[in-house]
Amino acid sequence: MLSESNNKTFFKLIKESSLEEIIWMCGYMSGFVSSNTKKSSLNNKKEKKITLVYGTETGNAKNLAFDIYQKAKNKKLQMKLISLDQYRLQDLEKEDYLFIIISTHGEGEPPSSAKSFFDFIHKNSDFKINHLKYSVLALGDKSYSHFCKAGVDVDKRLHNIGAVRIIPLHKCDVDYEEEADKWFLEILNFFQKKKYEQNTENRREKICGKVLNNILLSDKERGSNKEIHHIEISVQNEIKYLPGDSIGVFPENSSNKIHDIIEWILKNRKNEEYKYKEEIFNFLKKKLNIFHLSDNFLRKYSLLSEREYIPFNRKWKLIDLLKEFPIKKEFSLRDLIKIMEPIKPRLYSISSSPKVHYNEIHITVSRHRFQLNGETVYGHCSDFLSKLKEGDELDFFIYRNQLFRLPKNSKKDIILIGAGTGIAPFRSFLYEREAMEATGKNWLFFGDQHFYTDFLYQTEIQNWKKKGVLNHVSLSFSRDQEKKIYIQDKIWKNRIEFFSWIKNGAFIYVCGKKNPMSIDVEKMIFRVIDEVGECDPEFFIKKMKKDGRYLKDVY
């Protein structure tokens, strides 16, 4: 409320001002409030709490927790360390991130120091901690039948009461050091990635482009099992990106599916919501997720539904959920929208070069197809992109991947290992190396199912080989012969020269599916280092990673 004197001044000013002056004042005050609100929000933003707790019987979990705490400190990761027997149980509702190291005692029991914590989360049936993000490291002994059971029980229970598991459960045998190191590395990678994503979010700038071409690369007429699209996007102004970067795309929902959702909800409700129908339609189409609904959303939805229990063991689409678990009559379409989650962007590696493709960005998209509840469905974003036509507009942003860059020294040799759409960033790399007349050698390993239907960018790769841009091309088409041949088999076939390259300083890049491709490739590289180089592969790869010579972009 204004004071009496200010109130008089305010209404006198309004009375004596023109409409244009009042509009200007409204705009000024709106901007002033918005600016100060943002400043206040930034000042009040608290750092997320990270807590490491341990439950021990013999002291192993305690020693390990202290070791990890020290490593985190060395890496500038601030966390609190506390034993579970000293942990205040009421603090669990206040935690942001909780990492738990717990041993198993006796017949699958938690250690005595963790008993109160264990009982608290298991016996309190109404307890929900939807905001908590967590991971568990379980210590045990494989010679016992209840191997790591206490850790398994804690991990499962936290998930069931709403907490979000950010790193899968790791189970350790008596020799726990190696597995514990992997767990800590995943924690470190999680926070490094989160920090980078936050920085990227702060720098995110929407770019409006127009589709130049949408070309089907895989030959379906000859029997390809895949649908791979090469999409070229033009923009009016210069785009700043580097080879290795990606674009982020927010896919739109199908108009037909949004229409079905709105009609289903409104058909038995009062007509007043129809006047907002167009506004709601556009909001649902461009902003809100209607596929693969999260457990968190399902929990909230159950409060609106006529039936409270909704099974989490299947992937739900919103329209199916509405039909099987209708919303109570007292709730409206707007109540549903309030609990819905935004569409998340999908990232696609850029396959063009800023030095060659002026004011253009190219991406390589596999239209993902899979079975869901007995129905053939397509990946939300890949389906959206595959249907784009020449002239269609597309909004996107640049996702800068500092962890997947060409060597700063263009004299360095590079080995590119990719399968399927994993070829995308390597097309960018090779165009860039050619344009800058890099003197370092280039070796491409590429694999897919069939030579005649799935050899992506075949003409360009063959031209680079003829021109000497590519010194070696090693191809593997797994289904062209009775015995399947994969990329890792080609690495082994060329193992002598492969090791010679990496021994002499070559950079290795791996792009494609994480499992099994990147895992199988890494195992083979380990084998080559061990058997050909007669070196300790772990030490060798660790040194390459430290020097920034072993880089992966896998999904």
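About the thresholds
Residues numbered from 1 in each chain as written. Predicted model: local features only at pLDDT ≥ 70, side-chain atom pairs only at ≥ 80, totals over all residues. Heavy atoms only, no water. Patch = residues over 30% accessible without salt bridge, like charges linked within 9 Å, V, L, I, M, F, W, Y side chains within 5 Å. Areas by Shrake-Rupley, 256 points an atom, 1.4 Å probe, with all protein chains shown as cover. Salt bridge = Lys/Arg side-chain N within 4 Å of Asp/Glu carboxyl O. Lys, Arg positive; Asp, Glu negative; His and termini not counted. Charge placed at Lys NZ, Arg CZ, Asp CG, Glu CD. Helix = DSSP H or I, 4+ residues; strand = E, 2+ residues; numbered from the N terminus. Axes fitted to C-alpha atoms, helices over the stretch in contact; angles between N-to-C directions. Left-handed = near helix turned anticlockwise from the far one by under 90°. Contact = heavy atoms within 4.5 Å. Nonpolar A, V, L, I, M, F, W, Y, C, P; charged D, E, K, R; others polar. Core = buried A, V, L, I, M, F, W, Y, C linked by side-chain atoms within 4.5 Å. Buried < 20%, exposed > 50% of the residue type's maximum accessible area, 1.4 Å probe, protein only. Pairing = 2+ DSSP bridges. Right-handed = clockwise from strand over helix to strand, strands pointing away. Arc of directions from axis to C-beta. Polar contact = N/O pair within 3.5 Å; in protein donor to acceptor, adjacent residues only side chain to side chain. Phe/Tyr/Trp six-rings, centres within 6.5 Å; stacked < 30°, edge-to-face > 60°. Lys NZ or Arg CZ within 6 Å of the ring centre and 35° of its normal.

**Student:** Help me understand a negative patch on the surface in this model?
**Tutor:** Negative charge collects at one region of the surface, where Asp-530, Glu-534, Asp-536 and Glu-538 lie side by side. Inspection of the secondary structure assignment puts Asp-536 in the loop between helix H18 (514-531) and helix H19 (537-546).

**Student:** Whenever I open this one, the packing of helix H13 (residues 424-435) against helix H15 (residues 458-467) confuses me. Can you help?
**Tutor:** Working note: a packed helix pair is described by the angle between its axes plus the distance between those axes. Contact geometry of H13 with H15 gives a least axis separation of 12 Å together with a crossing angle of 35°. Remark: the crossing between H13 and H15 carries left-handed chirality. Across the interface between the two elements, Arg-427, Leu-430, Tyr-431 and Glu-434 from H13 touch Glu-460, Trp-464 and Lys-467 from H15. The residue inventory of the contact of H13 with H15, partitioned by class, reads three nonpolar, no polar and four charged.

**Student:** Which parts of the structure should I look at to understand the nonpolar core?
**Tutor:** Grouped burial of nonpolar side chains is what soluble globular proteins tend to show. With 28 residues, the main nonpolar core has Phe-297, Tyr-301, Leu-318, Leu-321 and Leu-336 as its most contacted residues. Those elements giving two or more residues to this core turn out to be helix H7 (255-266), helix H8 (277-286), helix H9 (295-304), helix H10 (318-324) and helix H11 (333-339). Top contributing element to this core by residue count: H7, with five residues.

**Student:** Explain the sheet that holds strand E19 (residues 550-554) here, please?
**Tutor:** Sheets are built from strands paired through backbone hydrogen bonds, the pairs being either parallel or antiparallel. Reading across from one edge, E17-E16-E15-E18-E19 is the order of the five strands in this open sheet, with parallel pairing throughout. The sheet terminates laterally at strand E17 (472-477) and E19, the two strands that pair on one side only. With strand direction ignored, the average angle separating the axes of adjacent strands in the sheet is 10°. As paired elements, strand E16 (residues 442-448) and E17 share six bridges and run parallel to each other. Within the sheet, the bridge partner assigned to Leu-444 lies in E17 and is Val-473. Those strands touched by H18 are strand E15 (414-419), strand E18 (507-512) and E19, and its axis lies near 155° from that of E18.

**Student:** How should I be thinking about the side chain of Glu-232 in this particular structure?
**Tutor:** Tracing the backbone through its elements, the reader meets Glu-232 in strand E8 (residues 228-234). Apart from the residues within four sequence positions on either side, Glu-232 is in contact with Lys-210, Val-211, Leu-212, Asn-213, Glu-360, Ile-361 and His-362.

**Student:** Which parts of the structure should I look at to understand the sheet that holds strand E14 (residues 393-399)?
**Tutor:** On the basis of which strands lie adjacent, the open sheet formed by six strands has the order E10-E9-E14-E7-E8-E11 and antiparallel pairing. The sheet is open, and its two borders are formed by strand E10 (346-349) and strand E11 (360-366), each paired with just one other strand. Here the strands of the sheet are splayed against their neighbours by 40° on average, with no regard to which way each runs. The pairing of E8 with E11 spans seven bridges and is antiparallel. The residue of E11 that forms the bridge with Ile-231 is Ile-363.

**Student:** Can you help me understand the pairing of strand E2 (residues 80-83) in this one?
**Tutor:** Two faces belong to every sheet, and in a regular strand the side chains alternate between them. When strand E1 (residues 50-55) meets E2, the two strands line up parallel, connected through four bridges. Residue pairing across strands places Leu-52 opposite Leu-81, the latter belonging to E2. Handedness of the crossover is the feature at issue here: the chain leaves E1, passes through helix H3 (residues 60-74), returns alongside E2, and the resulting connection is right-handed.

**Student:** Where do I start with the packing of helix H4 (residues 115-123) against helix H5 (residues 149-160) in this structure?
**Tutor:** As a packed pair, H4 and H5 sit with axes 10 Å apart at the nearest point and diverge in direction by 40°. Considering only the axes of H4 and H5, their crossing is left-handed. On H5, the residues that touch Phe-117, Phe-118, Ile-121 and His-122 of H4 are Ala-150, Asp-153, Val-154, Arg-157 and Leu-158.

**Student:** Looking at this structure, how should I read H19?
**Tutor:** An α-helical turn contains 3.6 residues, so any two residues separated by three or four positions project in the same direction. All buried positions along H19 are accounted for by Pro-537, Phe-540, Ile-541 and Met-544. Here the buried residues of H19 occupy an arc of 90° about the axis, which is enough to place them on one side. Set apart from the buried face of H19 by more than 90 degrees, the exposed residues are Phe-539, Lys-542 and Lys-546. Looking at the buried residues of H19, the elements they touch are helix H17 (495-503), E18, H18 and E19. Of the residues that open H19, the one with a side-chain oxygen 3.1 Å from the backbone nitrogen of Glu-538 is Asp-536. Among the residues trailing H19, Gly-548 stands out with phi positive, at a value near 70°.

**Student:** When you look at the side chain of His-362 in this model, what are you seeing that I'm missing?
**Tutor:** Its place among the elements puts His-362 in strand E11. According to the relative accessible area criterion, His-362 is buried, its value standing at 2%. When residues no more than four places from it in sequence are discounted, the contact partners of His-362 are His-230, Ile-231, Glu-232, Ser-349, Ile-350, Ser-351, Ser-352, His-357 and Arg-427.

**Student:** Sorry, what's going on with the environment of Ile-239 here?
**Tutor:** If you trace the backbone, Ile-239 turns up in the loop between E8 and strand E9 (246-249). In this structure the C-alpha to C-alpha distance between Ile-239 and Asn-359, which are 120 residues apart in sequence, comes to 6.0 Å. In this structure, Ile-239 is in contact with Ile-207, Asn-359, Glu-360, Ile-361 and Ile-398, ignoring residues within four places of it in sequence.

**Student:** Help me understand the packing of aromatic side chains, please; the structure alone is not making it clear to me.
**Tutor:** Aromatic ring pairs are described here by two measures, namely the spacing of the ring centres and the angle between the planes. Taken as a whole and judged by the stated rule, the model has 28 aromatic pairs. For the pair Phe-445 and Phe-498, a centre-to-centre distance of 6.0 Å together with 70° between the ring planes defines the contact as edge-to-face. Residue Phe-445 is located in strand E16, and its partner Phe-498 is located in helix H17; the two are separated by 53 residues in the primary sequence. Neither Phe-445 nor Phe-498 differs from the other in exposure class; each is buried. Ring centres of Phe-455 and Phe-477 lie 5.5 Å apart, and the angle between their planes is 55°; on these two criteria the pair is classed as tilted. On the criterion of sequence distance, the pair formed by Phe-455 in the loop between helix H14 (451-454) and H15 and Phe-477 in strand E17 is long-range, its members being 22 residues apart. Judged by relative accessible area, which is 7%, Phe-477 ranks as buried. Members of the aromatic cluster, each reached through a chain of ring pairs, are Tyr-97, Phe-99, Trp-183, Phe-190 and Phe-191. Here the basic side chain of Lys-323 rests over the ring of Trp-264, its NZ or CZ set 5.6 Å away from the ring centre. Its guanidinium or amino end placed over the ring of Tyr-378, Arg-367 lies 3.6 Å from that ring's centre, counting from NZ or CZ.

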